[in-house]
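# Structural features, examined
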Amino acid sequence: MKIMYVEDNPANISLLQRIARMGGHDVINYTNGEHALNNFAQDRPDLVLMDLQLEGRISGLEVVQLLRQRGFTTPIVAVTAYAMVGDRERCLEAGCDSYLSKPLPIAELVELVQTYERKMQPIVNSPSAPKLNGAAHP
Ligand code: MN
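Procedures and definitions
Residues numbered from 1 in each chain as written. Predicted model: local features only at pLDDT ≥ 70, side-chain atom pairs only at ≥ 80, totals over all residues. Heavy atoms only, no water. Helix = DSSP H or I, 4+ residues; strand = E, 2+ residues; numbered from the N terminus. Buried < 20%, exposed > 50% of the residue type's maximum accessible area, 1.4 Å probe, protein only. Contact = heavy atoms within 4.5 Å. Pairing = 2+ DSSP bridges. Axes fitted to C-alpha atoms, helices over the stretch in contact; angles between N-to-C directions. pLDDT = per-residue confidence, 0-100. Lys, Arg positive; Asp, Glu negative; His and termini not counted. Salt bridge = Lys/Arg side-chain N within 4 Å of Asp/Glu carboxyl O. Polar contact = N/O pair within 3.5 Å; in protein donor to acceptor, adjacent residues only side chain to side chain. Donors = N, O, S within 2.8 Å, 3.2 Å for Na, K, Ca; no water. Core = buried A, V, L, I, M, F, W, Y, C linked by side-chain atoms within 4.5 Å. Parallel < 35°, antiparallel > 145°, perpendicular 65-115°, else oblique. Nonpolar A, V, L, I, M, F, W, Y, C, P; charged D, E, K, R; others polar.

## As for the overall build of the protein chain
- When helices and strands are tallied, the protein chain shows five helices and five strands.
- Along the chain direction, N to C, the helices and strands of the protein chain fall in the order β-α-β-α-β-α-β-α-β-α.
- Burial statistics for the protein chain: of 138 residues in total, 40% are counted as buried.
- A separation of at least 24 residues holds for 59% of the contacts in the protein chain among residues at least 6 apart in sequence.

In structure tokens, the structure reads:
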């Protein structure tokens with residue numbers, strides 16, 4: 001799976017890279033929202049983790065809004081250090097699928113990556129997946 005992590009904090013970037021590597025995933029990092037936006041169509045990530053406070057002129061939420069306006073349906077998980085009341089709602093309104101608050105909870109992050117990986121499986125494997133003929137194996 002290709003994970004785009006839009007984040008400007010080096011500690012968080014290396015944490016996510018370690019977690020992704022354990023699962024055999026690739027990470028593309030941008031510290032600047034505009035760079036992420038401009039390269040999105042070319043990068044075609046399977047999952048996006050989006051910090052809200054970024055380098056450059058636009059915030060993570062603005063990046064999400066623009067991606068959704070442009071028709072991208074890629075799952076986006078917001079990550080923010082400011083776990084304020086209403087934050088979650090703002091993220092979901094902007095078009096995020098879910099939300100994690102910092103400091104990044106490692107176990108939840110691992111589980112999140114696995115969850116999206118599983119969601120992808122049927123799409124990735126469907127053309128070549130063996131037919132089950134009704135009877136499930138015990
Ligand atoms: Mn930040």
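Further notes follow.
## Description of the sheet that holds strand β3 (residues 47–51)
- Read across the open sheet, the five strands follow the order β2-β1-β3-β4-β5; overall the sheet is parallel. Both edges of this open sheet fall to β2 (26–30) and β5 (98–101), since each of them pairs with a single strand only. Within this sheet the neighbouring strands show an average axis-to-axis angle of 20 degrees, counted without direction.
- Helix α1 (residues 10–22) rests against β1 (2–6), β2 and β3 of the sheet, and its axis sits at about 170 degrees to β1.
- Contacts between helix α3 (residues 60–69) and the sheet are confined to β3 and β4 (76–80), with β3 contributing the most and set at about 145 degrees to the helix.

## Section: the confidence of the model for the protein chain
- Scored by pLDDT, the protein chain has a mean of 88; 86% of the residues are at 70 or more.
- Per-element confidence in the protein chain ranges from a low mean pLDDT of 83 for helix α5 (residues 106–125) to a high of 98 for β1.

## Overview of the side chain of aspartate 43
- The residue aspartate 43 is located in helix α2 (residues 33–43) in this model.
- Of the side chains with opposite charge, lysine 2 lies nearest to the buried aspartate 43, which makes no salt bridge, at 5.5 Å.
- A distance of 2.5 Å separates a polar atom in the side chain of aspartate 43 from a polar atom in the side chain of tyrosine 30.

## Some details on the coordination of the manganese ion
- The protein atoms that coordinate the manganese ion are Asp8 (OD), Asp51 (OD) and Gln53 (O), at distances spanning 2.1 to 2.2 Å.
- Each donor residue of the manganese ion lies on the same chain, and together they follow the pattern D-x42-D-x1-Q. Linking aspartate 8 in the loop between β1 and α1 with glutamine 53 in the loop between β3 and α3, this pair joins segments that are 45 residues apart in sequence.

## As for the nonpolar core
- Counting 22 residues, the largest nonpolar core has Met4, Val6, Met50, Val63, Ile76 and Cys91 as the members making the most contacts within it.
- Top element by residues in this core is α3. It accounts for four residues.
- The residues touching valine 6, leaving out its near neighbours within four places in the chain, are Tyr30, Gly33, Ala36, Leu49, Met50, Asp51 and Leu54.
- Grouped together as the second largest cluster of nonpolar side chains are 18 residues, Met1, Ile19, Leu109 and Val113 included.

## A short note on the packing of α3 against helix α4 (residues 87–94)
- Running from N to C, α3 and α4 point in directions that differ by 30 degrees, and their axes come no closer than 8 Å. Of the possible angle classes, the one that applies to α3 and α4 is roughly parallel. Here Leu61, Val64, Gln65 and Arg68 of α3 lie close against α4, whose contacting residues are Arg90, Cys91 and Ala94.
- In terms of residue class, the contact of α3 with α4 is made up of four nonpolar, one polar and two charged.

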